[in-house]
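What follows is each chain in one-letter form.
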Amino acid sequence: MDTTLSEAPFRLVSVADYEPLIGAEAADRLLRKAERLRDFHVVNVNSTYYGGGVAELLSSLTLLMNASGIRTGWRVIEGRPDFFSITKKMHNALQGAEINLSEQKKRIYEEVVYENAVRMHLDHDVVIVHDPQPLPLVRHFRRRAPWIWRCHVDLSEPNAELWRYLAPMVENYDAVVVSLPEYAQKLTTPQRFIMPAINPFSTTNKELSEGEIDERLSRYGIPTDLPLVVQVSRFDRWKDPEGVIRAFRIAREQADCTLVLVGNVATDDPEGQEVFESLHDCEEERIRILSVQDTALVNALQRRAAVVLQKSIREGFGLTVAEAMWKGTPVIGGRVGGIRHQIEDGVDGFLVETVEQAAERIVQLVKDPDLHRRMGEKARATVGRRFLMTRLMEDWLDLIDSFETDFRLRAAPGG
Ligand code: UDP
């Protein structure tokens, strides 16, 4: 059966589109690296097609890699609600929360992943498994190619009991990729550090006219008469939506503004609906809380905002931070995890530790459009330099290439 695509009704974003943003030299270098891996067959496995940063990353990165001649696939594991309830608890525990890890929970987790393995038929040149949900997959395949576990969460203080259980599975992989050196764990497996990145051409990030922004905001009845304070996040306690509301209430005593919290609920996150509902009572004319899946709205809000918050308590890396910064909007971020490496405090945004500090920075940015503009320009330049998808693709190609050489050597006679 011929499974190659026969026609191209849509145009894919390619490295050439990035050239005006990254320069000819960087674009050429990336294309040369892609050429070395031409026709390579790579597969990514995660647990949701939408909602959350991993899905956002994979949708852009897999297409860009295909557009560059590397056959890169994306599979999503399926599971019952009890499976995702357990894996969400694991996600929380990897970020430091307590967990009650019963034998029954382990059994459901391992059994569902085994069932997925049976259906998956992986015989790729590289397998990249994302986050804890599909982690045990590696046990069910005879490995003829490198398997990489890419963990996106903030691993600065994982729950010890959970880590003891997961570590032997992690050690079945050929490499582990986390976002920062401070997430490295005691493991026999080599660990690499790659920070995520954004796609400037996606619906979330592409340029919008003022008219398009107005149209999108009015569709949701978002008032634009006062400056907008915005946080865009899955409804998740680690994103501290209550803290954002408290900071806003303090700030508006000194500066008139409207708060908009926009969030979605990922299919692999059963706690989202509960967190969303717990915020209902906070809603009022100047505090809008929307649960929608509308990336054009995210784009419009991040562009129009006087200030964007990402007041997370834990954050592996905040794509929302990079997205807003790319749009020239200063971000007030929690001084945690990846955010500390994304924002240079006082230069291209602000880092805060408390609700009061967040409130103070909101007032400062709302009242001083000139500060907003200066910080916003620097923020955009930071993302252009460090957090565009081409840089992420290059990091992955370098890693895959190093494994390719290693595996080829091992496979060679006498190797
Ligand atoms: N997002 C979205 N709609 C929402 C909330 C979030 O499209 O209502 C997107 C957001 O723009 C970003 C991703 O989901 O691209 C969230 O990634 P991030 O790294 O900030 O956090 P995660 O959800 O992975 O913890």
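Note that this is a predicted model, so its numbers are computed, not measured. (Residues numbered from 1 in each chain as written. Predicted model: local features only at pLDDT ≥ 70, side-chain atom pairs only at ≥ 80, totals over all residues. Heavy atoms only, no water.)

J.: How do you make sense of helix α6 (residues 160-170) when you look at a structure like this?
T.: Since the α-helix packs 3.6 residues into each turn, any two residues three or four apart lie on the same face. Among the residues of α6, those classed as buried are L162, W163, Y165, L166, A167, M169 and V170. The inward-facing, buried residues of α6 contact α4 (81-94), α5 (103-120), β4 (147-150) and β5 (175-178). Two to three positions downstream of the cap, the backbone nitrogen of E161 sits 3.0 Å from a side-chain oxygen, assigning the N-cap of α6 to N159. (Buried < 20%, exposed > 50% of the residue type's maximum accessible area, 1.4 Å probe, protein only. Helix = DSSP H or I, 4+ residues; strand = E, 2+ residues; numbered from the N terminus. Contact = heavy atoms within 4.5 Å. Polar contact = N/O pair within 3.5 Å; in protein donor to acceptor, adjacent residues only side chain to side chain.)

J.: Just to check I follow, could you spell out empty space enclosed by the protein for this structure?
T.: In total, this model carries four cavities of 30 Å³ or more according to the counting rule given. Approximately 70 Å³ is the volume attributed to the largest cavity. Together, L57, L58, L61, H130, R150, H152, I194, P196, L392 and W396 line the largest cavity. Elements with a minimum of two residues in the lining of the largest cavity: α3 (53-67) and α15 (389-411). When residues of the lining of the largest cavity are assigned to their parent elements, the largest contribution, three residues, is made by α3. Of the residues that constitute the lining of the largest cavity, the class distribution is seven nonpolar, two polar and one charged. Of the volumes computed, that of the second largest cavity is approximately 50 Å³. Along the lines of polarity and charge, the residues of the lining of the second largest cavity split into four nonpolar, two polar and two charged. (1 Å grid on protein atoms, 1.4 Å probe; cavity = no way out; pocket = protein on both sides within 12 Å on 5 of 7 lines; lining within 4 Å. Points joined across faces, edges and corners; volume = space filled by probe spheres on them. Nonpolar A, V, L, I, M, F, W, Y, C, P; charged D, E, K, R; others polar.)

J.: I'm lost on the packing of aromatic side chains in this one. Help?
T.: One pair of aromatic rings is described through two measures. These are the centre distance and the angle between the planes. Applying the stated criterion across every chain, the model contains nine aromatic pairs. Aromatic side chains F83 and F84 sit 5.1 Å apart centroid to centroid with 70° between the ring planes, which places their arrangement in the edge-to-face category. Residues F83 and F84 agree in their burial class; the two are buried. Site record: aromatic cluster; members linked through ring pairs are F83, F84, Y109 and Y165. In this arrangement the basic side chain of K106 is found over the ring face of Y165, its NZ or CZ atom lying 5.0 Å from the centre. Sitting over the face of the ring of F350, R361 holds its NZ or CZ atom 4.0 Å from the ring centroid. (Phe/Tyr/Trp six-rings, centres within 6.5 Å; stacked < 30°, edge-to-face > 60°. Lys NZ or Arg CZ within 6 Å of the ring centre and 35° of its normal.)

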